[in-house]
Amino acid sequence: MRAGNNGLFVPGPTNLPPQLRRAMDRPLEDHRSPDFPNLTLGLFEDLKRVFKLDRGRVFIFPGSGTGGWEAAITNTLSPGDTVLASVFGQFSHLWVDLCQRQGLNVQVIETPWGEGAPVEQYAEHLAADTAHKIKAVLVCHNETTTGVTSDVAAVRAAMDAANHPALLMVDGVSSIASIDFRMSEWGVDLAVSGSQKGFMLPTGLALVGASEKALEASRTATCPRCFFDFADMIKANQDGYFPYTPATTLLHGLRASIDLLFAEGLDNVFKRHNRLAEGVRRAVAAWGLTLCATAPKWYSDTVSAVCVPEGFNGNDVVSVAYARYNLSLGVGLNKVAGRLFRIGHLGWLNELMCLQALAGTEMAMRDIGIRITAGSGVGAAEEHYRQTAAPVALQAATALKV
Ligand SMILES: Cc1ncc(COP(=O)(O)O)c(C=O)c1O
């Protein structure tokens, strides 16, 4: 039995806001009742606002982000189709793996881990593809392995410059609802997210935005699909229903999640993530450590991957933080295993929660012998949060004290 809260600072799942928990604390219900569409039809519309999708649809599948990848691919492509993708972390790698297992021919741009989508190389591949064999361009907007955010709009610009008709598919699993994402403005045809990150819910929903062009492609694509079939979903969703039993409890949570996002305002949500992330970055600098992201233009506002000094293992920081201080951090994955640990700073989060994570991280690093001055990172983050805090009417505060 451990007293107090677990500090949940993995980059998803994220903290569950009490109002979302309450929204899901309800009796189970009949998903074919006449009332059910009152819940679902609004969700479909409001998700489009979160994805910033003007025309098209957002699908809600039971599943996780991985299911969303599969839905995007199998609905719009045919076996043997060529897709262009870059790999710079475990998740961009896994999406490519999924494509290969679906029988697609993947042109992979291997990219150093710590950098984001290499726009110039995308441009070269697209310009060289005068026969338009490439049917889809894949981009991981926020690579959660390395804490790197890519410039999706720049990839779209490269596609437009090459006059290339491929579909643009984006993994927005750890960006949508936390980092600015503009599906229509950036010409994204398929955008994938999941419920357990920016939407602050338990895992269990794969959210997939599809442009009109993607929906058109789904009418002729021949990859086998059943559970994730857009056509079955569209038919049932039209009236607010699903082709099979939906995750009804999570749908109520999703309603509360979207309400919370809109109440704060999406732009404020993005600003909050940026401000909290900047505090974490200042802490990392004060520790004298570096991020895996190799340049500020790649810095992610949802996850910071912190490199440990030579001779140390990032997994030890994670193990000690959990065992001694009940703090959950993310381990390094695949190529960067052991070289770093990750601090997830997304979802329902504020300054003091971040300071808690930074304090626990400092203690764990000191415990394993990394030379960090106690309080250095926390102090740097504190200063950032103090300096950027909203002004307070001090007189009112004084009056309250009296
Ligand atoms: C960027 C990114 N893409 C895809 C996934 C896979 O999503 P899931 O674990 O929900 O299947 C993750 C999971 O962390 C992720 O961070």
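The structure displayed is predicted, hence computed values, not measured ones. (Residues numbered from 1 in each chain as written. Predicted model: local features only at pLDDT ≥ 70, side-chain atom pairs only at ≥ 80, totals over all residues. Heavy atoms only, no water.)

**What about the pattern of salt bridges?**
- Going through the model one piece at a time under the given rule, you end up with 19 salt bridges.
- Here R156 and D160 are joined by a salt bridge, their closest N and O atoms 3.0 Å apart. A residue pair is termed a helical-turn pair when its members lie 3 or 4 positions apart in one helix, as R156 and D160 do in helix 6 (residues 152–161) at four residues.
- Look at R156 and you get buried, because its relative accessible area is 12%.
- One salt bridge connects E351 with R275, and the closest N-O pair in it is separated by 2.8 Å. Taken as a pair, E351 in helix 12 (residues 351–367) and R275 in helix 10 (residues 266–287) lie far apart in primary sequence, 76 residues in all.
- Through salt bridges with shared partners, a single ionic network connects D46, R49, R255 and D259. (Salt bridge = Lys/Arg side-chain N within 4 Å of Asp/Glu carboxyl O. Helix = DSSP H or I, 4+ residues; strand = E, 2+ residues; numbered from the N terminus. Buried < 20%, exposed > 50% of the residue type's maximum accessible area, 1.4 Å probe, protein only.)

**Brief notes about the site of the ligand**
- The environment of the ligand is formed by S64, G65, T66, W69, F91, N142, T144, D171, V173, S174, Q196 and K197.
- One of the side-chain nitrogen or oxygen atoms of T144 is found 2.5 Å away from an oxygen atom of the ligand.
- Protein chains bury 87% of the 390 Å² of accessible surface belonging to the ligand in isolation.
- When the residues that make up the shell around the ligand are grouped by side-chain class, the tally is three nonpolar, seven polar and two charged. (Near = heavy atom within 4 Å. Polar contact = N/O pair within 3.5 Å; in protein donor to acceptor, adjacent residues only side chain to side chain. Areas by Shrake-Rupley, 256 points an atom, 1.4 Å probe, with all protein chains shown as cover. Nonpolar A, V, L, I, M, F, W, Y, C, P; charged D, E, K, R; others polar.)

**Description of the side chain of S193**
- Mapped onto the elements, S193 comes out in strand 9 (residues 190–194).
- Within polar-contact distance, the side chain of S193 engages the backbone oxygen of G172 at 3.5 Å.
- S193 has contacts with F51, G65, G172, V173, I176, F199, L205, A206 and L207, leaving out every residue within four places of it along the chain. (Contact = heavy atoms within 4.5 Å.)

**Section: the environment of R55**
- For R55, the position within the fold is in the loop between helix 2 (36–51) and strand 2 (57–63).
- Overall, the relative accessible area of 57% leaves R55 in the exposed class.
- Beyond its immediate sequence surroundings of up to four residues, R55 is in contact with S184, A210, S211 and E212.
- A polar contact of 3.3 Å, which involves the side chain of R55, links it to the side chain of E212.

**Some words on the sheet that holds strand 10 (residues 204–210)**
- Across the sheet, which stays open at both edges, the seven strands sit in the order 2-10-9-8-5-3-4 with mixed pairing between neighbours. Since the sheet does not close on itself, it has two edges, and those belong to strand 2 and strand 4 (105–110), each with one partner. Sheet twist, expressed as the average angle between the axes of neighbouring strands with direction ignored, equals 20°.
- With six bridges connecting them, strand 3 (residues 82–87) and strand 4 associate as parallel partners. What sits directly across from T82, in strand 4, is N105.
- Those strands touched by helix 8 (residues 230–237) are strand 2, strand 9 and strand 10, and its axis lies near 105° from that of strand 2. (Pairing = 2+ DSSP bridges. Axes fitted to C-alpha atoms, helices over the stretch in contact; angles between N-to-C directions.)

**A short note on the packing of helix 5 (residues 119–128) against helix 6**
- Relative to each other, helix 5 and helix 6 sit at 25°, their axes nearing to 9 Å. As the angle between them shows, helix 5 and helix 6 are arranged roughly parallel. The crossing of helix 5 and helix 6 is right-handed. Contact residues: helix 5 offers V119, Y122, A123 and L126, while helix 6 offers A154, V155, A158 and M159. (Parallel < 35°, antiparallel > 145°, perpendicular 65-115°, else oblique. Left-handed = near helix turned anticlockwise from the far one by under 90°.)

**Considerations on the packing of helix 12 against helix 13 (residues 376–387)**
- The N-to-C vectors of helix 12 and helix 13 enclose an angle of 165°; their axes lie 8 Å apart at closest approach. Classed by the angle they form, the pair helix 12 and helix 13 counts as roughly antiparallel. Our pair here, helix 12 against helix 13, has a crossing hand that is right-handed. Taken together, the residues of helix 13 that come into contact with helix 12 (itself represented by E351, C354, L355, L358, A359 and E362) are S376, G377, V378, A381, E382 and Y385.
- For the contact of helix 12 with helix 13, the class distribution of residues is seven nonpolar, two polar and three charged.

**A word on the confidence of the model for the chain**
- In this model, the chain carries a mean pLDDT of 97, and residues with pLDDT of at least 70 account for 98%.
- The spread of mean pLDDT over the elements of the chain runs between helix 14 (residues 394–401), the lowest at 67, and strand 8 (residues 167–171), the highest at 99. (pLDDT = per-residue confidence, 0-100.)

**Observations concerning the sheet that holds strand 13 (residues 330–331)**
- One open sheet holds the three strands; their spatial order is 11-14-13, and the pairing between them is antiparallel. The open sheet has two free edges, formed respectively by strand 11 (303–307) and strand 13, since each of these has just one partner strand.
- In this sheet, strand 14 (residues 340–344) lies alongside strand 11 in antiparallel orientation, the contact comprising five bridges. Following the sheet pairing, S304 is matched in strand 14 by I343.

**Overview of helix 9 (residues 248–264)**
- Spanning 17 residues, helix 9 covers 25 Å between terminal C-alpha atoms, matching the ideal 24 Å at 1.5 Å per step.
- Taken residue by residue, helix 9 has T248, L250, L251, H252, G253, L254, R255, A256, S257, I258 and L261 as its buried positions.
- Here the buried face of helix 9 lies against helix 1 (18–24), helix 2, strand 2, strand 10 and helix 10. (Expected span 1.5 Å × (residues − 1).)

**Overview of the packing of aromatic side chains**
- This structure, assessed with the given rule, holds nine aromatic pairs.
- With a centroid separation of 5.2 Å and an interplanar angle of 80°, the aromatic rings of F61 and F228 are classed as edge-to-face. Residue F61 is found in strand 2, and its partner F228 is found in the loop between helix 7 (212–218) and helix 8; the two are separated by 167 residues along the sequence. For the pair F61 and F228, a shared accessibility class is recorded, and that class is buried.
- Each residue in the set F59, F61, F227, F228, F230 and Y244 is aromatic and connected to the rest through ring pairs, giving one cluster.
- The ring of F262 is capped by R49, whose NZ or CZ atom sits 3.9 Å from the centre of that ring. (Phe/Tyr/Trp six-rings, centres within 6.5 Å; stacked < 30°, edge-to-face > 60°. Lys NZ or Arg CZ within 6 Å of the ring centre and 35° of its normal.)

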